[in-house]
There are 2 protein chains.
Amino acid sequence: MTIKTVGIMTPGDMGHAIGQRLGEAGIRIVTNLEGRSERSRTLAKKAGIEDLGSDAALLTECDAIFSIMPPDQAGGFVTRMAAAAGTLGTKPKALIADLNAVAPSTARQLQATAEAAGIGFLDGGIIGGPPYPGRPSPRIYLSGPGADSFTALSPALDIRPFGDEIRAASALKMCFATLTKGVQALAIQSFVTAELEGVGPAFRAELESVQANLLRSLAGSLPGMPPKAYRWVGEMEEIAKTYGDAGLTPKTFEGAADIYRFIESTPLGKEVVENRTMGTTLDDLVTRLADALRERRS
Amino acid sequence: MTIKTVGIMTPGDMGHAIGQRLGEAGIRIVTNLEGRSERSRTLAKKAGIEDLGSDAALLTECDAIFSIMPPDQAGGFVTRMAAAAGTLGTKPKALIADLNAVAPSTARQLQATAEAAGIGFLDGGIIGGPPYPGRPSPRIYLSGPGADSFTALSPALDIRPFGDEIRAASALKMCFATLTKGVQALAIQSFVTAELEGVGPAFRAELESVQANLLRSLAGSLPGMPPKAYRWVGEMEEIAKTYGDAGLTPKTFEGAADIYRFIESTPLGKEVVENRTMGTTLDDLVTRLADALRERRS
């Protein structure tokens, strides 16, 4: 397969940056902005992404559609594309590369839905941040027959073919996110509770003394989290499903979903990545979340 | 208060090492081995801890009794000492310093039980490993009126008076253990699932590339965990209670308790700290836990 046209659904933080990077490499980048937010329209325009205006057009014009969205929307998107495929009268040209953070079993369900409608399907997982100008590409793992052909998108994107089995890329993503977003969820519990209990300074001093690397890492990562909390809820639920399927407990990540749902509900969770005013340091973040919790309890 | 005699209940890994360190500093160290395991008897003897043979004797002869046991036994112990106090006919000399990993609200309940029986109570929390010969003392935080007088045990033990409020030391311990034992529980989920899904090498490579410090820390700590898993179950439940009380979710740590319960149920969980043959490297630990899970599912 030669890849000349790639659909980006949807052009959010990650999607628009990936689209822009591919566009700069000479790939035609398209999307369907029907019903999308003003923010997605602005990001798409900024990234030079062309609006085809319909799902049917995406299926006939694209070689591949990259699905990049909050994971709780990934299933609805494949169902919608399957419906659009039913209206074409021909086999769709486009395959769907699901790059979302979903459980391996979810990836298999999406594959079944897509293939039943004649749409090819690849399982993907993105590890690393958006490829904003001047930043390296995240690693994009792709599993399934034909994943190899996507290495043609290198070096614009760091594409890593990851075997033929639809589930491997998702499994890797779930395990990796456990030790980043999962650990951050536990850290929020500990920092906010230490603040509420009045033991914050001793807690920090203990961490500085024996967990200095972890503290430094959390101080770097936690302030960036609140505007993304809304889409991490679904990701935590997919990780819970992954571990439930494995015969380990789903509860840890059902709890992590609760934590990000709480953060989403606070004023911090209403901000957007490109315009932050609150919680931009660990101290301010913890103080504001403790205040929000006190308010909720009173 | 002058501290001449200290009771150690019970002389397990942490207790016998603390007792031995205090004994070497000239403090008389006693316990009650009634109904205790052969292992506790051996550890007590090794540490030079004298067996008084009854709870009543502990209450009349000790200045303080250090309660150091799996946290799910902490409540039963205070209830038992309260009953023994009722048989004395005089106010007990000993106070109980509860050094166990319990929720702040649990510490308050224990205080109420002890004080109703005329027994003084301090809330404590131990951060760091046992003070085996040649190793530094863990930090022993003590909250409550009179905690200051325990600094007389320095430098044998690193005692840190931590305010008058019965709950502060426990709160600190719960928050700290979140980022050690809690993170280790999530790590077990991720490593074992990556192994089961056949993506272990790529997972390790990603961690080495962007979470190298965390991977190194986990490779150091996880192999030491299995023989302690049985007593971490109760600690995870106390952390769950702490976060539930705070208005954050208890689920994360109810899940962590499930994970340590699973490990306790495997052959790895039946070993003792001083005689290990299985899971002494991260690779071997993960392989064995994945095998145990496969067996459980089949």
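All of these numbers come straight from a predicted model, not from anything done at the bench.

Outline helix H8 (residues 212–221) of chain A, listing residues and values.
Along an α-helix, a turn takes 3.6 residues, which lines up residues three or four apart on a common side. Taken together, the buried positions of H8 of chain A are occupied by Leu 214, Leu 215 and Leu 218 of chain A. Relative to the axis of H8 of chain A, the buried residues are bounded by an arc of 100° and lie together on one face. Residues Arg 216 and Gly 220 of chain A are exposed on H8 of chain A and point more than 90 degrees away from its buried face. Lining the buried residues of H8 of chain A we find helix H6 (168–196), helix H7 (200–210) and helix H11 (282–297) of chain A together with helix H6 (168–196) of chain B.

Residue-level account of the sheet that holds strand E2 (residues 28–31) of chain B, with values.
All names here are of chain B. The strand order E3-E2-E1-E4-E5-E6-E7-E8 describes an open sheet built from 8 strands, whose pairing is mixed. Because the sheet does not close on itself, it has two edges, and the strands there are strand E3 (50–51) and strand E8 (158–161). Here strand E1 (residues 5–9) pairs with E2 via 3 bridges, running parallel. In the strand pairing of E2, Thr 5 is matched with Arg 28.

So what's going on with the domain arrangement of chain A? Which residues, and what values?
Residues and elements named next belong to chain A. By domain assignment, chain A separates into domain 1 (5–166) and domain 2 (174–297). The interface is formed by 15 residues belonging to domain 1 together with 13 residues belonging to domain 2. Here domain 1 packs against domain 2, burying approximately 1100 Å² in sum over the two surfaces, 56% of which is carbon and sulfur. In this structure, the connection of domain 1 to domain 2 is made through 2 salt bridges. Where Glu 274 meets Arg 39, a salt bridge forms, and the shortest distance between an N and an O atom there is 2.9 Å. Run the count over domain 1 and domain 2 and you get 7 residue pairs in polar contact (both at pLDDT 80 or more). Residue assignment for the side of domain 1 that touches domain 2 shows that the elements contributing at least two residues are helix H2 (38–46) and helix H5 (104–116). Residues of the side of domain 1 that touches domain 2, tallied by class, amount to 9 nonpolar, 3 polar and 3 charged.

Outline the relation of the copies chain A and chain B, supporting the account with residue identities and numerical values.
Note on the copies: chain A fits chain B at an RMSD of 0.0 Å, the axial shift is 0.0 Å, and the rotation between them is 180°. Put plainly, the chains are arranged around a two-fold axis. No C-alpha of chain A lies nearer the rotation axis than that of Thr 252 of chain A, which sits 1.9 Å from it.

Summarise the packing of H6 of chain B against helix H10 (residues 251–265) of chain B; cite the residues concerned and give the values.
All names here are of chain B. Where H6 meets H10, the axes come as close as 10 Å, and the angle between the chain directions of the two elements is 65°. Taken together, the axes of H6 and H10 are roughly perpendicular relative to one another. The element H6 and its partner H10 pack so that their crossing is left-handed. Residues Thr 178, Lys 181, Gly 182, Gln 184, Ala 185, Ile 188 and Gln 189 of H6 form the contact with H10, whose own contacting residues are Phe 253, Ala 256, Ile 259, Tyr 260 and Ile 263. Of the residues assigned to the contact of H6 with H10, the class counts are 7 nonpolar, 4 polar and 1 charged.

Tell me about unusual backbone geometry, and name the residues and values.
Along the chain, Met 9 of chain A connects to Thr 10 of chain A via a cis peptide bond; the corresponding omega equals 5°. With respect to the secondary-structure elements, Thr 10 of chain A resides in the loop between strand E1 (5–9) and helix H1 (13–24).

Describe in detail the pattern of salt bridges, supporting the description with residues and values.
Evaluated as defined, the whole model comprises 38 salt bridges over all chains. Glu 197 of chain A is paired through a salt bridge with Arg 167 of chain B; the nearest N and O atoms lie 2.7 Å apart. Residue Glu 197 of chain A is found in the loop between H6 and H7, and its partner Arg 167 of chain B is found in the loop between E8 and H6; the two belong to separate chains. Residue class for Arg 167 of chain B comes out partly exposed when judged on its relative accessible area of 22%. For Asp 55 of chain B, the salt bridge goes to Arg 80 of chain B, with nearest N and O atoms at 2.7 Å. Residue Asp 55 of chain B is located in helix H3 (residues 55–61), and its partner Arg 80 of chain B is located in helix H4 (residues 74–86); the two are separated by 25 residues in the primary sequence. Look at Asp 55 of chain B and you get buried, because its relative accessible area is 11%. Note on Arg 80 of chain B: relative accessible area 36%, which makes it partly exposed.

Parameters at a glance
- Residues numbered from 1 in each chain as written.
- Chains lettered and ligands numbered in written order.
- Predicted model: local features only at pLDDT ≥ 70, side-chain atom pairs only at ≥ 80, totals over all residues.
- Heavy atoms only, no water.
- Buried < 20%, exposed > 50% of the residue type's maximum accessible area, 1.4 Å probe, protein only.
- Helix = DSSP H or I, 4+ residues; strand = E, 2+ residues; numbered from the N terminus.
- Arc of directions from axis to C-beta.
- Contact = heavy atoms within 4.5 Å.
- Pairing = 2+ DSSP bridges.
- Domains from an automatic or database assignment.
- Buried area = accessible area lost by both parts, 1.4 Å probe.
- Salt bridge = Lys/Arg side-chain N within 4 Å of Asp/Glu carboxyl O.
- Polar contact = N/O pair within 3.5 Å; in protein donor to acceptor, adjacent residues only side chain to side chain.
- Nonpolar A, V, L, I, M, F, W, Y, C, P; charged D, E, K, R; others polar.
- Least-squares fit on C-alpha atoms with pLDDT ≥ 70 in both.
- Axes fitted to C-alpha atoms, helices over the stretch in contact; angles between N-to-C directions.
- Parallel < 35°, antiparallel > 145°, perpendicular 65-115°, else oblique.
- Left-handed = near helix turned anticlockwise from the far one by under 90°.

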